[in-house]
Amino acid sequence: MYGLVLLLLALNFRLIKLEDVKEVGTYLTGIFPLLFVPAAAGVMELWAEMGEMLLPILIAIIPVTVLVMVSAGKTTQALSGRKNKEADIDAAAE
């Protein structure tokens, strides 16, 4: 998680160019399902024990999922809005 935040900061402050990490990012996004298979297998193995705690698990997971989705959406909107403003300023300067 810290690495992702540092990468975001480096990209925002233009210490790293998007082209430098785009290929690796595309590759990692492509193999995400493979990274989550072990976790899914662990859930399947412990399903009987988790069944007893299903309601508390859902009560914890659903709000956090919504919070993550909303914060990711707001962040994306803020960053794309800033990018659009920069493009408008650059176009006006020409």
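Notes on the structure follow.

This paragraph deals with a nonpolar patch on the surface. On the surface, Met-1, Leu-4, Val-5, Leu-6, Leu-7, Leu-9, Phe-13 and Leu-15 cluster together to form a nonpolar patch covering roughly 900 Å² of accessible area. Relative accessible area serves as the criterion here: at 70%, Leu-15 is assigned to the exposed category.

What follows covers the layout of surface pockets. Estimates place the volume of the second largest pocket at around 280 Å³. Leu-4, Leu-7, Leu-18, Val-21, Lys-22, Val-24, Gly-25, Leu-28, Thr-29 and Phe-32 are the residues that line the second largest pocket. Among the elements of the structure, helix H1 (2–12) and helix H2 (18–45) are those that each provide at least two residues to the lining of the second largest pocket. Class assignment for the residues of the lining of the second largest pocket results in seven nonpolar, two polar and one charged.

Below, the discussion takes up H2. With 28 residues, H2 extends 40 Å from end C-alpha to end C-alpha; this agrees with the ideal 40 Å at 1.5 Å per step. In the structure, H2 departs most strongly from a straight axis at Ile-31, where the bend amounts to approximately 45° and where the proline Pro-33 lies between one and four residues downstream. Among the 28 residues that make up H2, zero are buried, leaving the element largely open to the surroundings.

What follows is about unusual backbone geometry. Its identity as a non-glycine residue notwithstanding, Arg-14 has a phi of 55°, on the positive side. Note on placement: Arg-14 falls in the loop between H1 and H2.

About the criteria used
- Residues numbered from 1 in each chain as written.
- Predicted model: local features only at pLDDT ≥ 70, side-chain atom pairs only at ≥ 80, totals over all residues.
- Heavy atoms only, no water.
- Patch = residues over 30% accessible without salt bridge, like charges linked within 9 Å, V, L, I, M, F, W, Y side chains within 5 Å.
- Areas by Shrake-Rupley, 256 points an atom, 1.4 Å probe, with all protein chains shown as cover.
- Salt bridge = Lys/Arg side-chain N within 4 Å of Asp/Glu carboxyl O.
- Buried < 20%, exposed > 50% of the residue type's maximum accessible area, 1.4 Å probe, protein only.
- 1 Å grid on protein atoms, 1.4 Å probe; cavity = no way out; pocket = protein on both sides within 12 Å on 5 of 7 lines; lining within 4 Å.
- Points joined across faces, edges and corners; volume = space filled by probe spheres on them.
- Helix = DSSP H or I, 4+ residues; strand = E, 2+ residues; numbered from the N terminus.
- Nonpolar A, V, L, I, M, F, W, Y, C, P; charged D, E, K, R; others polar.
- Expected span 1.5 Å × (residues − 1).
- Bend = angle between axes of the 7 residues up to and from the residue.

By themselves, these figures tell us nothing about what the structure is for.
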